[in-house]
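Spelled out, the chains give:
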Amino acid sequence: MPTINWAFLLVLLFLQVCNGFYLPGSYMHTYSNREPIFAKVNSLTSIETELPYSYYSLPYCTPLGGVKKSAKNLGELLMGDQIDNSPYRFRMNLNETIFLCIMNPLSEHEVKLLKQRTRDLYQVNMILDNLPVMRYAKQNGVTIQWTGFPVGYTPANSNDDYIINHLKFTVLVHEYVGSGVEIIGTGEEGMGVILESDNKKAAGYEIVGFEVVPCSVKHDPEVMTKLHMYDNITTVKCPSKLDKSQIIREQERISFTYEVEFVKSSTRWPSRWDAYLKMEGARVHWFSILNSLMVIVFLVGIVFVIFLRTVRRDLTRYEELDKEAQAQMNEELSGWKLVVGDVFREPDHSKLLCVMVGDGVQITRMAVVTIVFAAFGFMSPASRGMLLTRMIFLYLFLGIAAGYVAVRMWRTIKGTSEGWRSVSWSVACFFPGIVFVILTVLNFILWGSKSTGAIPISLYFVLLSLWFCISVPLTLLGGFFGTQAEAIQYPVRTNQIPREIPARKYPSWLLVLGAGTLPFGTLFIELFFILSSIWLGRFYYVFGFLLIVLLLLVVVCAKVSVVLTYMHLCVEDWRWWWKAFFASGSVALYVFLYSINYLVFDLQSLSGPVSVVLYLGYSLIMAVAIMLSTGTIGFLMSFNFVHYLFSSEKID
């Protein structure tokens, strides 16, 4: 049956009457004329504080049936999203101007809160048919695209603040006339196939765009108190003078109104997210990434060629010496062959090394699988929180790989399986423990700020339950499989007495730290766009580029670590284990320093110690994950290289 299903899908894909599209978001929904559509509201957000707050924490109109929270996934909860229903009602293809409500006189607390949110540049994030509201603003003659609209604004050279209380919505719709378009999808984040074969579909309208022009309008309270919610009113013009705008001050009664205009669009439903995914500087992004890739590929190629020639020359010279003068070889020989009796000597803190390698394998595989699926279109900006949710579950289930690698490495170093349970438990607790401690500290800060970004206590128990019920058992199971797997046999014996390491002019750790600059060169441009998407509220969609950068980063980390390991062996330094790990893992140091640079020069609007601590805390988690991942890649490649190198040489 699976073979038949795949064959059927392939036939559909190649039929002339068939067109394929990526469908980001939920299934297409069509609306009939005058059918009511209600908008939803997400948390209030600000690039100045990075502290999300509930929409209804401010004095806004509430729905007639009360506030109801939408269902959330794990990722939305962790990101601080709080999607609620709203009173904003639209009726398909009916242009109208609506009165919403008039609030009670503002209290001192409400005035203080509105002023604070206004001056912190908080944005209202509204959603219609799973599309965020978009607005356009002109700065220096350039049209800039934003999602959401401000809570209010403060005119230049003024101490007064004005609230946005009138919204002019434009809903772009595409007429769906039943032309035989049928969608076969895999869910709200999946792929879709659009068939032009069935002419019996019902007609309707698809929502393909959602735009807003925010205004501040001072309404007459006496007139507004006589109206009821959803009463029609005359068209409202956005005032150009401040005396006709709604000021924020005590005892003011604020009236909220809105108008909606439906405009037909040629944009089809599968392409409706294109407008949101147009990033500023897209051309610079493309050329910068391509330039970086070309430079790094060139450097890696040079290192690879030089390395191969050097190793082959050494092997050839040593082979000739073995044939000509075995006795003289031992007196004149220098370099990596002299450490043959120490190269596989147990490193310091070997258990910690095994644990970090195991966690690194888990993080790396999670990242690769996630980015591959995202690059092939299985992750969508319309599916809020699903990317983070899937990453968490991938990490939990990949605990089996972490336990296996860590315990097998432990057996290889120790020569016995004794203590494998302790290693497995440490693998299961090491990285999650670091993340848990940092998140707990940050969560106390968020709780103190009453932000929706704070993780609820119930979610803490959910995460702990998932970790204890999924990750821990799978890690222990992977560790058990590691004890059953064949141990890696060293090609040479280790001497009982360690060989003395010759003194060097410069500390070897300087070279190790400097090695992280090359992997960082492959990453820093893409890192800028990733940080911008996280902290500036932009959509990140170039997962194809990210996949290429990830693959290139793996190659560079492997080559850099191998070259550094070979250089240490050539100067008779047999303590290569940790240096191989940190040769590539040191890129995390540069990532963290770059994050600080981004905070100082690109997030200048970020204000307050709370926001800075949050930023540095999340950056530290990212840096630790990158260190474990890149360090593991470099270490495993170096281990295989050393094993191959000493297996290729004839040793007496």
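In this text the structure is predicted, and so the values were computed from the model without any measurement.

Section: the sheet that holds strand β2 (residues 36–41)
Strand order in the open sheet formed by 4 strands is β3-β2-β6-β7, and the pairing between neighbours is antiparallel. Every interior strand has two partners, whereas the edge strands, β3 (84–91) and β7 (131–132), have only one. Note: strand β6 (residues 126–128) against β7, 2 bridges, orientation antiparallel. What sits directly across from Leu 128, in β7, is Leu 131.

What about helix α16 (residues 587–601)?
With 15 residues, α16 should cover 21 Å at 1.5 Å per step; its first-to-last C-alpha distance of 21 Å lies within 8% of that length. By the burial criterion, the buried members of α16 are Val 587, Ala 588, Val 591, Tyr 594, Ser 595, Tyr 598 and Leu 599. All buried residues of α16 lie within an arc of 145 degrees about the axis, which places them on one face of the element.

Focus: the packing of aromatic side chains
Applying the stated criterion across every chain yields a total of 39 aromatic pairs. Taking the centre distance of 5.6 Å and the plane angle of 85 degrees together, the rings of Phe 436 and Tyr 460 count as edge-to-face. Separated by 24 residues along the polypeptide, Phe 436 in helix α10 (residues 420–449) and Tyr 460 in helix α11 (residues 457–484) bring together distant segments of the chain. Of the residues examined, Phe 436 reaches a relative accessible area of 36% and is grouped as partly exposed. Ring geometry for Trp 578 versus Phe 582: centroids 5.8 Å apart, planes at 20 degrees, classification stacked. In this pair, Trp 578 and Phe 582 both sit in helix α15 (residues 577–585), 4 residues apart, roughly one turn of the helix.

Structural notes on the confidence of the model for the protein chain
Taken residue by residue, the protein chain gives an average pLDDT of 83. The fraction at 70 or more is 82%. Ignoring residues within four places in sequence, the model shows residues 1–25, a span with pLDDT below 50, making 42 contacts including any to other chains. Under a pLDDT of 50 for its full length, residues 329–333 has, in the predicted model, 6 contacts with residues more than four places off or in other chains.

Digging into the pairing of strand β16 (residues 204–215)
Side-chain positions along a regular strand alternate between the two faces of the sheet. With respect to burial, β16 is a largely interior element, 9 of its 12 residues being buried. With 11 bridges joining them, strand β13 (residues 166–176) and β16 adopt antiparallel strand pairing. Note on β16: the bridge partner recorded for Tyr 176 is Gly 204.

Rules behind the numbers
- Residues numbered from 1 in each chain as written.
- Predicted model: local features only at pLDDT ≥ 70, side-chain atom pairs only at ≥ 80, totals over all residues.
- Heavy atoms only, no water.
- Pairing = 2+ DSSP bridges.
- Helix = DSSP H or I, 4+ residues; strand = E, 2+ residues; numbered from the N terminus.
- Expected span 1.5 Å × (residues − 1).
- Buried < 20%, exposed > 50% of the residue type's maximum accessible area, 1.4 Å probe, protein only.
- Arc of directions from axis to C-beta.
- Phe/Tyr/Trp six-rings, centres within 6.5 Å; stacked < 30°, edge-to-face > 60°.
- pLDDT = per-residue confidence, 0-100.
- Contact = heavy atoms within 4.5 Å.

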